[in-house]
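Residues per chain, in single letters:
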Amino acid sequence: FARMFVQVCLYFYCKCLWRCLKFVVRKLTGQCELQRICYNTKPGAARTMKIEASLKGSKSKRLQTSVSVHPDAIEKTIDDIMELKRINPDINPQLGVSLQACLLQIVGYRNLIAEVEKLRREMYDSENPQHEEMLLKLWKCLKPNSPLKARISKQWCEIGFQGDDPKTDFRGMGLLGLYNLVYFAEWDTEIAQQVLSDSLQPKYREVTKKEPSQFSKAEWEKKKLDKAIGYSFAIVGINITDLAYNLLVSGALKTHFYNVAPEAPTLTHFQQTFCYLMHEFHKFWIEEDPLDIMEFNRVREKFHKRLLKQLQNPEMALCPHFAASESLINM
């Protein structure tokens, strides 16, 4: 109880101290916090995240709610902010432009989460012609020279589904998983086909002299055999969709999207980021050299932590120009 009481007192002390400090700085500089951020911080995640924190932390309800307005109301919201902060737009024309760009990104990110969540909650329906058309498009993009003999077929295992009807594999991520896979296969067809092929092909592995002595005979026989790179393409794609979804919802992808989307990030930005994550995970899996698919969760978690560390850098853009094909070809 004593510790809690001290923490509460410290919180209110720091909050009051911070407000007093902001008041003093404004009197000295003649600029409010929003002005200082826009004038002293370059465009991108660093500026937008500071603006977002400033608005959310304001004592004014009008400023707090400005981060969740409808996109069509952003211009009026900027006028309200300028009026509330007693800023003359004629003297500070660039401020309104900068604030508008930041609010477009902030509001767009919130709307993107809602759009992605809607797709995730919509389950695959085999009675829906549009869903079926997308699923067949996925096959045609990945296996253009191998016609699908039947809708229910063991052939689906060739592109990494678990059974003869892929609809059961989409339960965790709903249509979002299918949307992402189709986008990757259609937008970056050559690379998607290459990743699929790699995941099925045997991999040569050099053996050191010391290695055989480190395993039992049974383990060694299992390890020394030629093995596939080791994962099911479609299932991993759905899993990477889950990873991208969690990065989005947690706010970790704000750094990336605020740096690559000049205005509101869209579903296309999210899908292009998924493409990037797919080929980066593919490279990471090869580098980790796991024994078999049973190590998938370990490798995925390590990959996730590396992404989180990268996204802590306010200047980070995972794929600045979304050149997924180029980066994989040159790997």
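Note: the structure precedes this text.
Now for a quick tour of the structure. (Residues numbered from 1 in each chain as written. Predicted model: local features only at pLDDT ≥ 70, side-chain atom pairs only at ≥ 80, totals over all residues. Heavy atoms only, no water.)

Looking only at helices and strands, the chain features 15 helices and two strands. Pairs at least 24 apart in sequence give 68% of the contacts found in the chain among residues at least 6 apart. Working note: accessible area of the chain is about 18600 Å², and carbon and sulfur atoms make up 55% of it. (Helix = DSSP H or I, 4+ residues; strand = E, 2+ residues; numbered from the N terminus. Contact = heavy atoms within 4.5 Å. Areas by Shrake-Rupley, 256 points an atom, 1.4 Å probe, with all protein chains shown as cover.)

Orientation of helix α8 (residues 174–187) relative to helix α13 (residues 267–288), taken along the N-to-C sense of each, is 75 degrees, at an axis distance of 9 Å. Taken together, the axes of α8 and α13 lie roughly perpendicular to each other. Taken together, the residues of α13 that come into contact with α8 (itself represented by Leu176, Tyr179, Asn180, Leu181, Tyr183, Phe184 and Trp187) are Thr268, Phe270, Gln271, Gln272, Phe274, Cys275 and Met278. Here the contact of α8 with α13 is built from residues that sort into 10 nonpolar, four polar and no charged. (Axes fitted to C-alpha atoms, helices over the stretch in contact; angles between N-to-C directions. Parallel < 35°, antiparallel > 145°, perpendicular 65-115°, else oblique. Nonpolar A, V, L, I, M, F, W, Y, C, P; charged D, E, K, R; others polar.)

A few words on helix α14 (residues 296–311). When the terminal C-alpha atoms of α14 are compared, their 22 Å separation across 16 residues agrees well with the 22 Å that a helix rising 1.5 Å per residue should span. Considered for burial, the residues of α14 that qualify are Phe296, Val299, Arg300, Phe303, His304, Leu307 and Leu311. Burial along α14 is one-sided: seen end-on, the buried residues are contained in an arc of 140 degrees. Facing away from the buried surface of α14 by more than 90 degrees, the exposed residues are Lys305 and Lys309. (Expected span 1.5 Å × (residues − 1). Buried < 20%, exposed > 50% of the residue type's maximum accessible area, 1.4 Å probe, protein only. Arc of directions from axis to C-beta.)

Next up on the list: the nonpolar core. If you look at the biggest cluster of nonpolar residues, it comprises 84 residues, and the most contacted ones within it are Ile51, Leu138, Leu178 and Phe270. Counting residues domain by domain, this core receives three or more from each of domain 2 (31–121) and domain 3 (129–205 + 215–312). Excluding residues within four positions of it along the chain, Leu178 makes contact with Tyr124, His131, Met134, Leu135, Leu138 and Phe170. (Core = buried A, V, L, I, M, F, W, Y, C linked by side-chain atoms within 4.5 Å. Domains from an automatic or database assignment.)

Going through the model one piece at a time under the given rule, you end up with 16 aromatic pairs. Centroid distance Tyr124 to Phe170: 5.7 Å. Interplanar angle 25 degrees. Geometry classified as stacked. Of the two residues, Tyr124 is situated in the loop between α6 (93–121) and α7 (129–142) and Phe170 in the loop between α7 and α8; the sequence distance between them amounts to 46 residues. Residue classification places Tyr124 among the buried positions, given a relative accessible area of 10%. With a centroid separation of 6.0 Å and 45 degrees between ring planes, the pair formed by Trp285 and Phe296 is classed as tilted. With Trp285 in helix α13 and Phe296 in helix α14, this pair connects stretches of sequence that are 11 residues apart. (Phe/Tyr/Trp six-rings, centres within 6.5 Å; stacked < 30°, edge-to-face > 60°.)

With that settled, consider the side chain of Glu288. Note on placement: Glu288 falls in helix α13. A polar contact of 3.2 Å, which involves the side chain of Glu288, links it to the side chain of Lys302. Glu288 has contacts with Arg298, Val299 and Lys302, leaving out every residue within four places of it along the chain. (Polar contact = N/O pair within 3.5 Å; in protein donor to acceptor, adjacent residues only side chain to side chain.)

Of note, Leu135 is situated in helix α7. In this structure Leu135 comes out as buried when scored by relative accessible area, which is 0%. Measuring from C-alpha to C-alpha, the distance between Leu135 and Tyr124 comes to 9.8 Å, with 11 residues separating the pair along the chain.

Before going further, it helps to examine the environment of Trp139. Tracing the chain through its elements places Trp139 in helix α7. Sequence-distant contacts of Trp139, that is, excluding residues within four places in its chain, are made with Pro144, Ser146, Pro147, Leu148, Gln155, Trp156, Glu158 and Ile159.

This part is about α13. Here α13 is 22 residues long and its end C-alpha atoms lie 31 Å apart, about the 32 Å a rise of 1.5 Å per residue gives. In terms of burial, α13 is largely enclosed, as 19 of its 22 residues are buried.

Another aspect to go through is a nonpolar patch on the surface. Taken together, the side chains of Phe1, Phe5 and Val6 make up a nonpolar region of the molecular surface, amounting to roughly 410 Å² of accessible area. Relative to the assigned elements, Val6 resides in helix α1 (residues 2–29). (Patch = residues over 30% accessible without salt bridge, like charges linked within 9 Å, V, L, I, M, F, W, Y side chains within 5 Å. Salt bridge = Lys/Arg side-chain N within 4 Å of Asp/Glu carboxyl O.)

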